[in-house]
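Structure assessment
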Amino acid sequence: MSELAFLTIAEASRLIAQRKLSPVELTEAYLARIDALDSRLDSFVTLTAERARAEAKQAEAAIMSAGSRGRLHGIPYCLKDIFDTAGIRTTAMSKLLADNVPTRDSACQEKLVAAGGILLGKNATWEFAHGGPSWDILFPPARNPWDRTCSPAGSSSGSAAAVAAGFAPATLGSDTGGSIRGPAAACGIAGLKPTYGLVSRRGVLPNCFSHDHAGPLAWTAEDVAILLQAIAGHDAEDPASADVPIPDYASALTGDVEGLAIGVPARWLEDEMPLSAPTRAAFEAALDVFRGLGANVRPVTLPPLQQFDDCKRTIAVVELFTIHGKDLRTRPELFGASLRYRIIAGGLVRAEEYLLAMRLRTDLARSLQSVLSTVDLLMLPTSEPAGKLAPVPPASLFTRPSFTTPFNVGGNPALSICSGFNDAKLPFSLQIVGRLFDDATVLRAGDAYEKATPWRSMRPVL
Amino acid sequence: MTDPITDDDILRLARLAGLDLPPAYRTELIEAYGHVHAMVARLPGGRPHGDEPAHVFVPTVFQPKRP
């Protein structure tokens, strides 16, 4: 059973297309593993086992009669519990939405259903994908499969934990300041924040409208590319959706990164948020891999990290208050303390200050694109390895610098992949950032690195 | 130079924003606002008069689609 549960999407879909693996068998392997082990991780908040079994039987019958219709046909997946699923509760882990059952699927869910995927259930998140970890909300926080005393980071915590644990090969999360990439980093998997506008957010509960992205998490960059292919595309119902051609992401994974110019924001890593010595060493080793593959690495200068953080957080606190103001005014006790603290002052920010932050965003995005016109990619760690799962002072949201937020401000595609393990067997991470709508090059670099290193052969033991 | 904002000022701003909070949450609000106030104060100002406020209304978005 475990062997099946640790197949990648690419491997499983090949076997399914060859009729050597049944979607029913694969689905049962995941359900058995979730049943046996998820009480240790709390990565799922809702399991849709009977629906999954029915969808698996349908997929098996269709494939046996007419062949596979694509790489996700018969592949199980799960969704962060902020993606609307018709007839299945969508809670955002909040007491405010404890009984929320949407009547319509999110755009992403519609696309995964159309691709023949099999929904296993909904994953734990931080409350409304923002405040956490919390112990005073609807469900307990997910834990890290590499060390259950450690945090899987957030807010797509259950999604990343489930993939790393072999509970599902695919999941979708959301990323407003790092909520796909942070959990992917902490759990040692691949997670992509696509270019802003590439994937529809219709039917995804909002965190901060102007910075929200939906995107895939999986074990490998190749699997992320397969998922992105299924969910990318214009949607008139998402006002930020971009009407752009969608390339063939999987065929872009050539393994060739020779001649790529890679920029490293040295000042961020040395002065503004200095890396720990082990993380620095792992990052340098990752850059050496790219040098060995023929890429050129050089330092670049970006605007100060704090400007990106101040800009995004000012915009976010206002937009969060706009979303939750009515509930804060009438039933503040239903919020977890962490989320409430992080949004309660948003109603006191003046319109002039919000617009100053929006103008700063334009400046910062321009600066980022200007630097990315001189290099093909930026690389930096996503974060330090996971810390202990414990209450975090909510003020840290306003004070802790972030290596991920700048690329929400700029809208650029940013992938987190595993780049080794520390002495405690916790994953290191590498963040690969590309030009707007050049998600394919980001995935190509991530895939080339994974194939040149041994890290994808290591799984957590639960 | 402006006087530093007091706790009473913050609670008055909150009431103006429709937040008439129970006492248990007032300390939380005052502390959180301190962080937000410091963050907002760091935003660079002094923009030109004609600077686009970054909320662009794009009329073509609302044009009916032609068959």
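Above this text sits the structure in question.
Computed from a prediction, not measured in an experiment: that's the story for all the values here.

1. A short note on the sheet that holds strand 1 (residues 44-47) of chain A
Residue and element names in this part refer to chain A.
- Taken in spatial order, the 11 strands line up as 1-3-2-4-6-5-10-11-9-7-8 in an open sheet, and their pairing is mixed. For this open sheet the edge positions go to strand 1 and strand 8 (296-300), each flanked by a neighbour on one side alone. The mean angle between the axes of side-by-side strands here comes to 30°, regardless of whether they run parallel or antiparallel.
- Bridge analysis of strand 4 (residues 170-175) against strand 6 (residues 213-218) gives 6 bridges, and the strand direction is antiparallel. Bridge pairing in strand 6 links Ser174 to Ala214.
- On top of the sheet, helix 16 (residues 439-452) reaches strand 5 (190-193), strand 9 (377-380), strand 10 (414-421) and strand 11 (427-434); it is set at about 10° to strand 10, its chief contact.

2. Observations regarding the interface of chain A and chain B
- Chain A puts 31 residues into the contact, and the matching count from chain B is 28 residues.
- It is A:Tyr341, A:Leu348 and A:Arg359 that lose the most area in chain A upon contact with chain B, and together they represent 25% of the buried surface on that side.
- Where chain A meets chain B, there are 4 salt bridges.
- Among the ionic pairs, A:Asp363 bridges to B:Arg47, the shortest N-O distance being 2.7 Å.
- Our count for the chain A to chain B interface comes out at 6 residue pairs in polar contact (both at pLDDT 80 or more).
- For the side of chain A that touches chain B, the secondary-structure elements that each account for two or more residues are helix 11 (305-330), helix 12 (337-343), helix 13 (351-372) and helix 14 (396-399) of chain A.
- When the residues that make up the side of chain A that touches chain B are grouped by side-chain class, the tally is 18 nonpolar, 5 polar and 8 charged.

Cut-off values and rules
Residues numbered from 1 in each chain as written. Chains lettered and ligands numbered in written order. Predicted model: local features only at pLDDT ≥ 70, side-chain atom pairs only at ≥ 80, totals over all residues. Heavy atoms only, no water. Pairing = 2+ DSSP bridges. Helix = DSSP H or I, 4+ residues; strand = E, 2+ residues; numbered from the N terminus. Axes fitted to C-alpha atoms, helices over the stretch in contact; angles between N-to-C directions. Contact = heavy atoms within 4.5 Å. Buried area = accessible area lost by both parts, 1.4 Å probe. Salt bridge = Lys/Arg side-chain N within 4 Å of Asp/Glu carboxyl O. Polar contact = N/O pair within 3.5 Å; in protein donor to acceptor, adjacent residues only side chain to side chain. Nonpolar A, V, L, I, M, F, W, Y, C, P; charged D, E, K, R; others polar.

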